[in-house]
Amino acid sequence: NTHNQRQFSTVGSHFIRHNKIQFNLPENHIIIRDFYIEDISSMTELTNTLGYDTTIEQMTTRMETILQLDNYWTFVALLDRKIVGYIGMNKSYFWEQDGYYIRIQALVVNEEYRRIGVGQKLIKHAEKLALQINAKLLVLNCGNRDERDSAHKFYPKIGFEPKSTGYIKRIK
């Protein structure tokens, strides 16, 4: 897959808080790179923080499948060589118009590293990918649980607009 060779970074300045100590963090210290199977433990832990109980074995099976699909991408955010977030997305085709879009299936940032630009940098990476493949839109759904309230505020701040309501039906 050619997407395994892409890497982007930008320069900026943000602050991070650890144990109520605040220090300057240049955004270029946040590296976005392709997911490698060796990242599975960190990815599983991050997925669990979203409220989706999963094991390393389950996540490994999923990611081994996803890595084989040309229209799927997974990128991780690293800070000081630690994975602090990830984004998973796929290319989908419109029925109602010509072209295609990128659907963000997963976006998670470790709670300790939120509000310092990690999520924004992951989204910017998705935007660059969308431009490279001529996708028209980035689309995502965000759960309606109380713990997702900060995400509901985050997305409009970075240019997303609420456009629809999603529904699911479990098939037994």
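Residues numbered from 1 in each chain as written. Predicted model: local features only at pLDDT ≥ 70, side-chain atom pairs only at ≥ 80, totals over all residues. Heavy atoms only, no water.

K.L.:
I'd love a proper account of the overall build of the chain, names of residues and values included.
P.N.:
Across its full length, the chain holds four helices and seven strands. Of the regular secondary structure in the chain, the N- to C-terminal order runs β-β-β-α-α-β-β-β-α-β-α. Expressed as a percentage of its 172 residues, the buried residues of the chain come to 40%. Here the contacts in the chain between residues at least 6 apart in sequence split such that 58% fall between residues at least 24 apart. (Helix = DSSP H or I, 4+ residues; strand = E, 2+ residues; numbered from the N terminus. Buried < 20%, exposed > 50% of the residue type's maximum accessible area, 1.4 Å probe, protein only. Contact = heavy atoms within 4.5 Å.)

K.L.:
Could you give me a rundown of the packing of helix H1 (residues 40-49) against helix H2 (residues 56-66), with the residues and numbers involved?
P.N.:
Between H1 and H2, whose axes approach to 9 Å, the crossing angle comes to 110 degrees. In terms of orientation, H1 lies roughly perpendicular with respect to H2. Contacts between H1 and H2 involve Ile 40, Ser 41, Met 43, Thr 44 and Thr 47 from the former and Ile 56, Met 59, Thr 60 and Met 63 from the latter. Here the contact of H1 with H2 is composed, by residue class, of five nonpolar, four polar and no charged. (Axes fitted to C-alpha atoms, helices over the stretch in contact; angles between N-to-C directions. Parallel < 35°, antiparallel > 145°, perpendicular 65-115°, else oblique. Nonpolar A, V, L, I, M, F, W, Y, C, P; charged D, E, K, R; others polar.)

K.L.:
Would you mind going over unusual backbone geometry in detail, with residue names and values included?
P.N.:
We note that Asp 80 has phi near 50 degrees; this positive angle belongs to a residue other than glycine. Within the fold, Asp 80 resides in the loop between strand S4 (72-79) and strand S5 (82-93). Residue classification places Asp 80 among the exposed residues on the basis of a relative accessible area of 64%. The phi angle at Asn 134 is positive, at roughly 60 degrees, despite the residue not being glycine. Secondary-structure assignment places Asn 134 in the loop between helix H3 (118-132) and strand S7 (138-140). The exposed category is assigned to Asn 134, whose relative accessible area is 60%.

K.L.:
How would you explain the sheet that holds S4 if you had to name every residue and give the values?
P.N.:
With mixed pairing, the five strands of this open sheet are ordered in space as S3-S4-S5-S6-S7. A single partner strand is all that each edge strand has here, and the edge strands are strand S3 (30-34) and S7. Ignoring which end each strand starts from, the neighbouring axes of this sheet average 30 degrees apart. With three bridges joining them, strand S6 (residues 100-109) and S7 adopt parallel strand pairing. When the sheet's bridge partners are listed, Arg 103 is paired in S7 with Val 139. (Pairing = 2+ DSSP bridges.)

K.L.:
Tell me what's going on with the environment of Met 63, and back it up with residues and numbers.
P.N.:
Among the secondary structure elements, Met 63 is positioned in helix H2. When the C-alpha atoms of Met 63 and Phe 35 are compared, they prove to be 9.2 Å apart, with 28 residues separating the residues in sequence. If we ignore the near neighbours within four places in the chain, the residues touching Met 63 are Phe 35, Ile 37, Ile 40, Met 43 and Thr 74.

K.L.:
Any chance you could break down the packing of aromatic side chains for me, citing the residues and the numbers?
P.N.:
Per the stated rule, a full pass over the model turns up two aromatic pairs. Plain terms: the ring middles of Tyr 93 and Tyr 100 are 5.5 Å apart, the flat faces sit at 70 degrees to each other, and that makes the pair edge-to-face. Given a relative accessible area of 45%, Tyr 93 falls into the partly exposed group. Both rings, one in Phe 94 and one in Tyr 101, keep their centres 4.8 Å apart while their planes meet at 50 degrees; by these two values the pair is tilted. The residues Phe 94 and Tyr 101 share a single accessibility class, namely buried. Stacked on the ring of Tyr 100, the Lys or Arg Lys 91 has its end atom at 4.0 Å from the ring centre. (Phe/Tyr/Trp six-rings, centres within 6.5 Å; stacked < 30°, edge-to-face > 60°. Lys NZ or Arg CZ within 6 Å of the ring centre and 35° of its normal.)

K.L.:
Please set out the nonpolar core residue by residue, giving values where relevant.
P.N.:
Counting 27 residues, the largest nonpolar core has Ile 87, Met 89 and Ile 102 as the members making the most contacts within it. Every element with two or more residues in this core is listed here: S3, S4, S5, S6 and H3. When residues of this core are assigned to their parent elements, the largest contribution, six residues, is made by H3. Those residues in contact with Met 89 that lie beyond four places of it in its chain are Asn 71, Tyr 72, Trp 73, Phe 75, Ile 102, Arg 103, Ile 104, Gln 105, Ala 126 and Leu 129. Core analysis: the next-biggest nonpolar cluster, separate from the first, contains 13 residues, Ile 40, Met 43, Leu 46 and Val 76 among them. (Core = buried A, V, L, I, M, F, W, Y, C linked by side-chain atoms within 4.5 Å.)

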